[in-house]
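Observations on the model geometry
In case you want the letters, here they are:
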Amino acid sequence: MSKTEISREAIENQRRIIGRIRENHAQAGISPLAYIDTYGCQQNESDSEKLRGMLDSMGYAFTDNETDADVIVINTCAVREHAEQRVYGNVGALVHSKRNKPDQIIALCGCMVQQPRVAEKIRRSYRHVDILFGPQALWRFPEFLERSLNERGRIFSIDDEPGAIAEGLPVVRDGKVRAWLSVMYGCNNYCSYCIVPYVRGRERSRRPEVIIEEAGRLAAEGYKDITLLGQNVNSYGKDLDSKPDFSELLFRLNEIDGEFLIRFMTSHPKDAGERLFKTMSECRKVARHLHLPFQAGNDRVLRAMNRGYTKTQYLELIDTAKKYMPDIVLTSDIIVGFPGETEAEFNDTLDILEKARFDALFTFIYSKREGTPAADMPDLVPKAEKQRRFDTLLKLQNAISEEKHAAYVGKTVRVLTDGKSGDPRYPLTARTNGGRLVRLRGSIDKVGSFQNAEITDSNTWALFGELPE
Ligand code: 5AD
Ligand code: SF4
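Residues numbered from 1 in each chain as written. Chains lettered and ligands numbered in written order. Predicted model: local features only at pLDDT ≥ 70, side-chain atom pairs only at ≥ 80, totals over all residues. Heavy atoms only, no water.

1. Some points on the sheet that holds strand 18 (residues 450-458)
Using the following cut-off: Whether two strands pair depends on DSSP finding at least two bridges between them. What counts as a helix is a DSSP run of H or I of at least four residues, what counts as a strand is a run of E of at least two, and both are numbered from the N terminus. Angles here are taken between N-to-C directions and fall from 0 to 180 degrees, while the axes themselves are lines fitted to C-alpha atoms, restricted in helices to the stretch in contact.
Here we have five strands rolled up into a closed barrel, ordered 15-16-17-19-18, and mixed in their pairing. Within this sheet the neighbouring strands show an average axis-to-axis angle of 50 degrees, counted without direction. Inspection of the sheet shows strand 15 (residues 412-420) paired to strand 16 (residues 428-432) by five bridges, in the antiparallel sense. Within strand 16, the position partnered with Thr417 by the bridge is Ala430.

2. So, the site of ligand 2
Let me state the cut-off plainly: When we say a residue is near a molecule or strand, we mean one of its heavy atoms is within 4 Å of it. Gly counts as polar in this scheme, as do all residues outside two lists: the nonpolar Ala, Val, Leu, Ile, Met, Phe, Trp, Tyr, Cys and Pro, and the charged Asp, Glu, Lys and Arg.
Taken together, Cys187, Asn189, Tyr190, Cys191, Tyr193, Cys194, Val196, Pro197, Gln231, His268 and Arg307 are the residues near ligand 2. A per-class count over the shell around ligand 2 returns seven nonpolar, three polar and one charged.

3. A word on the site of ligand 1
Put simply, the rule is: Pairs of N or O atoms are called polar contacts if they sit within 3.5 Å, as long as, within protein, a hydrogen donor faces a hydrogen acceptor (for residues adjacent in sequence, only side-chain-to-side-chain pairs).
Close contacts around ligand 1 come from Val79, Arg80, Tyr193, Gln295, Asp333, Ile335, Phe364, Ile365, Tyr366, Ser367 and Arg369, and that covers them all. The contact in question runs from a nitrogen atom of ligand 1 to an N or O atom on the backbone of Tyr193, over 3.0 Å. Within the backbone of Ser367, an N or O atom sits 2.8 Å from a nitrogen atom of ligand 1. When contributions to the shell around ligand 1 are tallied by element, the ones reaching two or more residues are strand 13 (329-336) and strand 14 (360-365). Residue composition of the shell around ligand 1, grouped by class: six nonpolar, two polar and three charged.

4. Side note on the nonpolar core
We apply this condition: Here, nonpolar core means buried Ala, Val, Leu, Ile, Met, Phe, Trp, Tyr and Cys residues that are tied together by side-chain atoms lying within 4.5 Å of each other. Each residue is placed in one exposure class: buried if its accessible area under a 1.4 Å probe, protein chains only, is under 20% of its type's maximum, exposed if it is over 50%, and partly exposed if it falls in between.
Residues Leu228, Phe264, Leu290 and Phe358 are the most contacted members of the largest nonpolar core, which totals 68 residues. With six residues, the top contributor of residues to this core is helix 7 (residues 208-220). Leu94, Leu108, Met112 and Ile195 belong to the second-largest nonpolar core, a separate cluster that totals 26 residues.

5. Some remarks on helix 12 (residues 343-356)
Which entries qualify depends on this criterion: By this rule, a helix spans an expected 1.5 Å times one less than how many residues it contains. Read the arc as the range of directions from the helix axis to the C-beta atoms. Here a residue-residue contact requires only that any non-hydrogen atoms of the pair lie within 4.5 Å.
Compared with the 20 Å implied by 1.5 Å per residue over 14 residues, the 20 Å span of helix 12 between its first and last C-alpha is a close match. Along helix 12, the positions that sit buried rather than exposed are Glu345, Phe346, Thr349, Leu350, Ile352, Leu353 and Ala356. Projected down its long axis, helix 12 shows its buried positions confined to an angular sector of 160 degrees, all on one face. Structural note: helix 12 exposes Ala344 and Lys355 on the side pointing more than 90 degrees away from its buried face. Tucked into the core, helix 12 has its buried residues touching helix 10 (299-304), helix 11 (311-324), strand 13, strand 14 and helix 13 (383-406). Positive backbone phi, at 50 degrees, marks Arg357, one or two positions downstream of helix 12.

6. Quick notes on the pattern of salt bridges
Selection rule: We count a salt bridge whenever a side-chain nitrogen from Lys or Arg sits within 4 Å of a carboxyl oxygen from Asp or Glu.
With the rule as written, the count across this model stands at 41 salt bridges. One salt bridge in this structure joins Glu120 and Arg123, with 3.5 Å as the shortest N-O distance. Of this pair, Glu120 and Arg123 both sit in helix 4 (residues 116-125), three residues apart, which is roughly one turn of the helix. Judged by its relative accessible area of 34%, Glu120 falls in the partly exposed class. Glu274 is paired through a salt bridge with Lys323; the nearest N and O atoms lie 3.8 Å apart. One end of the pair, Glu274, is in helix 9 (residues 274-282); the other, Lys323, is in helix 11, with 49 residues separating them in the sequence.

7. Things to note about the domain arrangement of the chain
Here is the rule: Start and end positions for the domains come from either an automated domain assignment or a database one.
Structurally, the chain comprises domain 1 (8-157), domain 2 (178-404) and domain 3 (412-466). One C-alpha centre belongs to domain 1, the other to domain 3; they are set 36 Å apart.

8. What to know about the environment of Arg303
Inspection of the secondary structure assignment puts Arg303 in helix 10. Residue Arg303 is classed as exposed on the basis of its relative accessible area of 64%. Remark: the alpha-carbon pair of Arg303 and Glu49, spanning 254 residues in sequence, is separated by 37 Å.

9. Structural notes on the sheet that holds strand 13
Within the open sheet, the three strands sit side by side as 12-13-14. Their pairing is parallel. Two strands in the sheet have a free side with no partner beyond their single neighbour: strand 12 (289-291) and strand 14. The mean inter-strand angle of the sheet, taken between neighbouring strand axes irrespective of direction, is 10 degrees. Here strand 12 pairs with strand 13 via three bridges, running parallel. Considered in strand 13, the bridge of His291 is made with Thr331. The strands touched by helix 13 are strand 13 and strand 14; relative to strand 14, the strand with the most contacts, the crossing angle is about 175 degrees.

This is the structure we're talking about:
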């Protein structure tokens, strides 16, 4: 057991509470309903799978309609203001749902509510919210819910703690083909614009044994695509006594029996390097996809962001990755309009796009996050100008993505069919090894298998293809 792990007794206690709640439902002869709404990143989706696991074990079934639900859980995101505004809007609207169903329990969790100013606002102005807890307290959800079921009264738990790891609580995953697997939690990087280190606590790694065991179980259950999650997977293991590193973990996961792919996100350019790329190139199961956020192309901006690398270093890193894996699919995150970013500095970001030629990008306009250093930096660039830069960036990237996708046309590529699309012309969705989206003609009984697809067409966002009869 690592020093950040929650004790077995404490987990056992939550499991006992889960059992008690299930028992009470069974004795009362009721099958209660739960509704979970998830905002934000994959880590939040993964956390919601744990909430679903706990609720499922307590005897709850799930509904897509919040007005029917006995318990509503909203798992929030704090990374940008837009997501917060949506949460306020949706939580506000739940007043009506609760008026019609006064016993309904409304819980808010996730990164947004871990911020004291948000928790205070909910406490004062959203009085229909019964339970509020931050990401570090997720494992205590059964305890909060039991108290709320028995005593009413409001429960708020957002103590400022470095965070821990809770093993051994139930999980109900969203699909049967792709699975999230957290390898670490928290972030120590303190990029100056980012709220994550303040709400998700310090970096802490799960032990390699539990990760390998979980991956083995997923592979045995038939999952074909396992994505390892962490804010900065390249610093995996630094907090553990045995100091396993991420490459070692990849090697060990690669040895697990079965046909499946291993992906991971997110890598940080300051910690990723030759050893990682060499490992990727040597591990057959590790997907040829690297998500390597560079955020900005200009050295002054990168310094102000506290990113720990320069434009030249970033481009060299990509060259090294391509040296080991010429077929690597590259994606990245970019922020436009960081405080004080000049036109010339923005042009350095465009220059990176031209040079790195990413397959796809996740682009964001800077969003001021209270409590972060960047929130106090002078920001004189008008909103319209930021929007113009954002549009310019998108236009350039769209052209590059379109060109890169067009290069697949006429080729046969190995894909994993991962779902149904609802589009009768292309009923299947699939992903290439590098993670590009493919819309496929073919029979839906092929979902969940590796196939060779002929790529017949493409656009900016996807490839189109068919499965040979
Ligand atoms: N404003 C805009 N984008 C942000 N991100 C993180 N914080 C902010 C912010 N304050 C982006 C970064 C990160 C991605 C997950 O979200 O690009 O990589
Ligand atoms: Fe935020 Fe930077 Fe940590 Fe990513 S690495 S979560 S951008 S602080």
